[in-house]
Amino acid sequence: MTKNRLEAFSDGVLAIIITIMVLEFKVPNDATFESVVKLSHKFLSYILSFIYVGIYWNNHHHLLQTAKNVNGKILWANLHLLFWLSLIPFATAWIGEHHFASFPMMLYGIILLMNGIAFNILQFTIIKHHGKDSILYKAVGKDFKGKASVVLYLIAVFLTKYYPIASGCIYILVALMWLVPDKRIEKVLEENN
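A few points about the overall build of the protein
(1) Moving on: The helix and strand inventory of the protein stands at ten helices and zero strands.
(2) Moving on: Secondary structure elements in the protein, listed N-terminal to C-terminal, are α-α-α-α-α-α-α-α-α-α.
(3) Moving on: The C-alpha radius of gyration of the protein comes to 18 Å, within 12% of the 16 Å expected for a compact globule of 193 residues.
(4) Moving on: Across its three principal directions, the C-alpha atoms of the protein cover 60 × 35 × 25 Å.
(5) Moving on: Counting every position in the protein, which comprises 193 residues, the buried fraction comes to 41%.
(6) Moving on: Of all intrachain contacts in the protein linking residues separated by at least 6 positions in sequence, the fraction that spans at least 24 positions is 79%.
(7) Moving on: When the accessible surface of the protein is totalled, it reaches about 10900 Å², and 70% of it is carbon and sulfur.
(8) Moving on: Across the protein, the mean location of the 17 positive side-chain charges is 10 Å away from that of the 12 negative side-chain charges.

Some words on helix 5 (residues 88–97)
(1) Moving on: Ile 88, Pro 89, Ala 91, Thr 92, Ile 95 and Gly 96 are the residues of helix 5 that are buried. Seen end-on, helix 5 carries its buried residues on one side only, within an arc spanning 165°.
(2) Moving on: Check the buried side of helix 5 and you find it contacts helix 1 (4–23), helix 3 (40–65), helix 4 (72–86) and helix 6 (102–130).
(3) Moving on: At the exit of helix 5 stands His 99, carrying a positive phi of roughly 50°.

Overview of empty space enclosed by the protein
(1) Moving on: Inspection of the entire model under this criterion finds one cavity of 30 Å³ or more.
(2) Moving on: Each pocket or cavity is described by its volume, and for the largest cavity that value is around 140 Å³.
(3) Moving on: Taken together, 14 residues form the lining of the largest cavity, with Tyr 56, Gly 116, Phe 119, Ser 149 and Trp 178 sitting closest to its centre.
(4) Moving on: For the lining of the largest cavity, the secondary structure elements donating two or more residues are helix 3, helix 6, helix 8 (144–159) and helix 9 (164–179).

Examining the pattern of salt bridges
(1) Moving on: Overall, the coordinates contain one salt bridge when judged by the stated rule.
(2) Moving on: The closest approach of N and O atoms between Glu 97 and Lys 42, which form a salt bridge, is 2.9 Å. Of this pair, Glu 97 sits in helix 5 while Lys 42 sits in helix 3, and the two are 55 residues apart along the sequence.
(3) Moving on: By relative accessible area, which is 44% here, Glu 97 ends up partly exposed.
(4) Moving on: What makes Lys 42 partly exposed here is its relative accessible area of 23%.

About the thresholds
Residues numbered from 1 in each chain as written. Predicted model: local features only at pLDDT ≥ 70, side-chain atom pairs only at ≥ 80, totals over all residues. Heavy atoms only, no water. Helix = DSSP H or I, 4+ residues; strand = E, 2+ residues; numbered from the N terminus. Rg over C-alpha atoms; globule rule 2.2 N^0.38 Å. Buried < 20%, exposed > 50% of the residue type's maximum accessible area, 1.4 Å probe, protein only. Contact = heavy atoms within 4.5 Å. Areas by Shrake-Rupley, 256 points an atom, 1.4 Å probe, with all protein chains shown as cover. Lys, Arg positive; Asp, Glu negative; His and termini not counted. Charge placed at Lys NZ, Arg CZ, Asp CG, Glu CD. Arc of directions from axis to C-beta. 1 Å grid on protein atoms, 1.4 Å probe; cavity = no way out; pocket = protein on both sides within 12 Å on 5 of 7 lines; lining within 4 Å. Points joined across faces, edges and corners; volume = space filled by probe spheres on them. Salt bridge = Lys/Arg side-chain N within 4 Å of Asp/Glu carboxyl O.

Note that all results are geometric; they support no functional claim without further evidence.
This is how it looks when you write it as structure tokens:
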């Protein structure tokens with residue numbers, strides 16, 4: 001099976017996710033600076049979630065560049081990832097609406113955790129399909145960033161009950177960790193061309 005339909009479908013779903021998030025913004029009733037300031041929590045939650053969706057889109061693109069073809073297991077693993085990504089708009093709206101309260105922040109963290117796990121499953125499934133000589137296997141190695149992300153999400157989820165702002169800082173830290181350009185896959189792709 002070629003990977004083109006998988007890529008096109010995934011790109012479409014991610015575009016819809018971003019669209020849903022921005023549609024959560026309601027125009028203020030008045031034309032004052034204060035009315036915009038009241039939206040700051042929603043805007044901050046949107047920025048963080050937009051960055052996360054962008055990170056997943058970017059890494060998903062690189063991941064699929066390494067695949068020569070896909071099978072049913074990869075299709076299902078990809079749908080699993082898209083399911084968890086599709087929950088980001090809900091959690092984003094909730095944490096923005098409730099000013100980063102404890103339980104909404106916990107749910108946001110659980111969704112981020114499940115996205116991290118789902119991405120690792122997709123990565124593992126692609127490696128299993130293409131073998132240990134595959135470009136992806138050579139590129140990710142022990143995948144420190146992927147494993148560290150999951151651990152940090154777990155810590156953040158447990159902290160939300162007492163320190164929701166600390167959890168938010170961890171969510172930001174993980175996003176920053178992934179914003180640093182990851183050249184592993186690009187480097188191995190260049191070596192194999």
